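Secondary and tertiary structure notes
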Amino acid sequence: KVQQAVTEEYEGVNLLVEAVVTETEPKYKEEELLLIQDCLGEHFTTYNANSADRSQNLINGTGFINGVVMLPGEEMSLHDYLYPCTVENGYRSAIAYADGGYVDSIGGGICQISTTLYNALLKAELKVLTRSPHSMTVTYAEPGFDSAQSEGSKDLSFMNSTDYPVYVEAWASGGTLYIGLWGKETRPDNRTL
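Residues numbered from 1 in each chain as written. Predicted model: local features only at pLDDT ≥ 70, side-chain atom pairs only at ≥ 80, totals over all residues. Heavy atoms only, no water.

**A few points about the layout of surface pockets**
To keep things clear, this is the line we draw: The rule is simple: put a 1 Å grid over the protein atoms alone, call a set of points where a 1.4 Å probe fits but cannot get out a cavity, call an open set with protein on both sides within 12 Å along at least five of seven lines a pocket, and count a residue as lining if it has an atom within 4 Å of a point. Grid points are joined across faces, edges and corners, and a volume is the space filled by probe spheres set on the points.
Its volume calculated, the largest pocket comes out at about 720 Å³. Lining the largest pocket are 32 residues, and of these Ile-95, Ala-96, Tyr-97, Gly-109 and Cys-111 lie nearest its centre.

Pasting the structure below:
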């Protein structure tokens, strides 16, 4: 009857509709988000944009973490955002490291996202909780500055160890992968890392 009354003309018919309203508090308050103004740390890595499948994996994976907001004390695990590495989840087969060699793997290349984020974390001085190195050196990072990802075993996780919200900006385009961590700068200008 309600649908008929709304879609058809009824003269002289009074229609009473009772609406159910549910109020939901937003996860973030405007005043918290307005504090996110400073780049705490950022890092760029490069990749071969002509490798279409690996490029797609980087574009896809950075899309999963771009825009994440972390309140003080919150933790983030890349496993929670990047997996599962499936075709249905937008990934393609590309070269990946496994057991000291190379293999074709759905999601191949997402370690570069982990590595780029790891370097941005070091520059932002956020607390790294877990990080695993590769079994071989990688071309997009100096030795010791890489971070491997492997579903169910190797992960990069960290905590927003600041007193303010942190926003993750991530993208891959044209051979450049970028990750920036934004928040409120409270560290002294004259510090050295």
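After that view, the rundown keeps rolling.
**Some remarks on the sheet that holds strand 1 (residues 38–46)**
For clarity, the cut-off: A pair of strands is considered paired only if DSSP assigns at least 2 bridges between the two. In DSSP terms, a helix is any run of H or I states spanning at least four residues, a strand is any run of E spanning at least two, and both are numbered starting from the N terminus. Contacts were defined at the residue level, with two residues in contact if any of their heavy atoms lie within 4.5 Å. In this analysis, axes come from line fits to C-alpha atoms, helices being fitted only over the stretch in contact, and the angle between any two N-to-C directions falls in the range 0 to 180 degrees.
The sheet built from 4 strands is open, its strands ordered 1-9-8-2 with antiparallel pairing. Both outer strands of the open sheet, strand 1 and strand 2 (69–70), are each paired with one neighbouring strand and no more. As defined by bridge partners, strand 2 adjoins strand 8 (residues 166–173) across 2 bridges and the pair is classed as antiparallel. For Met-70, the partnering residue across the bridge sits in strand 8 and is Val-166. Here helix 3 (residues 52–65) sits on the sheet and contacts strand 8 and strand 9 (176–183); the angle it forms with strand 8, its principal contact strand, is near 165 degrees. Sheet strands in contact with helix 5 (residues 111–124) are strand 1 and strand 9, and its direction is about 145 degrees off that of strand 1.

**Quick word on the sheet that holds strand 3 (residues 75–77)**
Strand order in the open sheet formed by 3 strands is 3-7-6, with antiparallel pairing between adjacent strands. Edge positions in the sheet fall to strand 3 and strand 6 (127–130), since each has one partner strand and no second. Going from strand to strand, the sheet's axes swing by 25 degrees on average, the running direction of each strand aside. Strand direction decides the pairing type here: strand 6 and strand 7 (residues 157–159), joined by 3 bridges, are antiparallel. Each bridged residue has a counterpart across the sheet, and for Thr-130 the counterpart in strand 7 is Ser-157.

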